[in-house]
Amino acid sequence: MNAPMTAAPVAAKKLKVATTSLAGCFGCHMSFLDIDERILKLLELVEFDRSPLTDIKHCGPCDLGLIEGGLCNAENVHVLREFRKNCKILVAVGACAINGGLPAQRNHLDLRDILEEVYQTEYLLGRAGIPNDPELPLPLNKVHPIHEVVKVDYFLPGCPPPADAFWKLLTDLLAGRTPTLGHGLLHYD
Ligand code: SF4
């Protein structure tokens, strides 16, 4: 695992864990759930804060934050900063969080051109066109990996990382070890 080993390992205790998806597809969360019955053991060892698994809307003080997805809009940046502020250890999970992943394919195109292309049917029908409701988060001109905005402690690569990689990361942290991925767990696709 490629990581700046700056975070102190967590002592063996029940970890408070938060997870979220920014500009991602939830595939990393689905892979996490592929730990299958080990999730019962995990729930004896961790407590979930904000996560799609709990539907808690804001991240409170946590030992560990797992971030899936990169940054494609202003809300993503806000959520990421909230996680960084509240999580002792922050992990970039998956290709989208680490390098922008598939959403970053739009980075070689102009944002307005993309929006006009996507909503051209609305233009042709004489309707509103590109949505501009103030409730919608403003899109960023480019999709960014999360390490460009906040400090990241560990990187869990893969699209998605395999379930066993999630398990190894969590069990290492629970045991107070610096996480390392063994043979076969380091994926780049
Ligand atoms: S890394 Fe892959 S699986 Fe994870 S959010 Fe991105 S596209 Fe989905």
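Here, the structure is the one placed above.
These figures come from a predicted structure and were not determined experimentally.

Trainee: How would you explain helix 3 (residues 74-86) if you had to name every residue and give the values?
Mentor: Given a rise of 1.5 Å per residue, 13 residues ought to cover 18 Å, and the 19 Å separating the end C-alpha atoms of helix 3 matches this to within 8%. Those residues of helix 3 not exposed but buried are Asn 76, Val 77, Val 79, Leu 80, Glu 82, Phe 83 and Arg 84. Backbone nitrogen of Glu 75 and a side-chain oxygen of the N-cap are separated by 3.0 Å at the start of helix 3; the cap is Asn 73.

Trainee: Summarise the nonpolar core; cite the residues concerned and give the values.
Mentor: Within the largest apolar cluster, 25 residues are counted, with the highest numbers of intra-cluster contacts made by Phe 32, Leu 42, Leu 64, Leu 66, Val 91 and Leu 156. Within the residue set of this core, elements represented by two or more residues are strand 1 (15-21), helix 1 (27-33), strand 2 (46-48), strand 3 (62-68), strand 5 (87-93), strand 7 (154-156) and helix 7 (163-174). Top element by residues in this core is helix 7. It accounts for eight residues. Those residues in contact with Phe 32 that sit more than four places away from it in its chain are Leu 42, Phe 48, Leu 66, Phe 166 and Leu 170. Core analysis: the next-biggest nonpolar cluster, separate from the first, contains 18 residues, Ala 18, Val 77, Phe 83 and Cys 87 among them.

Trainee: Got a sec to walk through a nonpolar patch on the surface? Specific residues and values, please.
Mentor: A grouping of Met 30, Leu 33 and Leu 53 is seen on the molecular surface, where their side chains present a nonpolar patch of about 250 Å² in accessible area. With respect to the secondary-structure elements, Leu 33 resides in helix 1. Looking at Leu 33, the relative accessible area reads 33%, which means it is partly exposed.

Trainee: Pulling in residues and values, what's your account of the sheet that holds strand 2?
Mentor: Read across the sheet, five strands follow the order 2-1-3-5-7 without closing on themselves; strand pairing throughout is parallel. Looking at which strands have only one partner, the edges of the open sheet turn out to be strand 2 and strand 7. For this sheet, the mean angle separating the axes of adjacent strands, direction not counted, is 30 degrees. Of the strand pairs in this sheet, strand 5 and strand 7 are connected by three bridges, and their pairing is parallel. Following the sheet pairing, Val 93 is matched in strand 7 by Leu 156. In the packing of helix 7 onto the sheet, contacts are made with strand 1, strand 2, strand 3, strand 5 and strand 7, and the angle to strand 7 comes to roughly 155 degrees.

Trainee: Now, about the site of the ligand: what can you tell me, with residues and values included?
Mentor: The local shell around the ligand consists of Gly 24, Cys 25, Gly 27, Cys 28, Glu 68, Gly 94, Ala 95, Cys 96, Gly 158, Cys 159 and Pro 160. Of all the elements in the fold, those that place two or more residues in the shell around the ligand are helix 1 and helix 4 (94-99). Broken down by element, the residue count for the shell around the ligand peaks at three residues, all from helix 4.

Trainee: An account of the side chain of Thr 20 is needed here, citing residue identities and associated values.
Mentor: Tracing the backbone shows Thr 20 in strand 1. Beyond its immediate stretch of four places on either side in the chain, Thr 20 contacts His 29, Arg 50, Pro 52, Leu 66, Ile 67, Glu 68, Val 79 and Phe 83.

Trainee: Give a detailed account of the packing of aromatic side chains, specifying residues and quantitative values.
Mentor: Under the defined criterion, the tally for this structure stands at two aromatic pairs. Between Phe 32 and Phe 166 the ring centres are 5.1 Å apart and the planes differ by 20 degrees, which places this aromatic pair in the stacked class. Of this pair, Phe 32 sits in helix 1 while Phe 166 sits in helix 7, and the two are 134 residues apart along the sequence. One aromatic cluster is present, built from ring pairs that chain together Phe 32, Phe 48 and Phe 166.

Criteria and cut-off values
Residues numbered from 1 in each chain as written. Predicted model: local features only at pLDDT ≥ 70, side-chain atom pairs only at ≥ 80, totals over all residues. Heavy atoms only, no water. Helix = DSSP H or I, 4+ residues; strand = E, 2+ residues; numbered from the N terminus. Expected span 1.5 Å × (residues − 1). Buried < 20%, exposed > 50% of the residue type's maximum accessible area, 1.4 Å probe, protein only. Polar contact = N/O pair within 3.5 Å; in protein donor to acceptor, adjacent residues only side chain to side chain. Core = buried A, V, L, I, M, F, W, Y, C linked by side-chain atoms within 4.5 Å. Contact = heavy atoms within 4.5 Å. Patch = residues over 30% accessible without salt bridge, like charges linked within 9 Å, V, L, I, M, F, W, Y side chains within 5 Å. Areas by Shrake-Rupley, 256 points an atom, 1.4 Å probe, with all protein chains shown as cover. Salt bridge = Lys/Arg side-chain N within 4 Å of Asp/Glu carboxyl O. Pairing = 2+ DSSP bridges. Axes fitted to C-alpha atoms, helices over the stretch in contact; angles between N-to-C directions. Near = heavy atom within 4 Å. Phe/Tyr/Trp six-rings, centres within 6.5 Å; stacked < 30°, edge-to-face > 60°.

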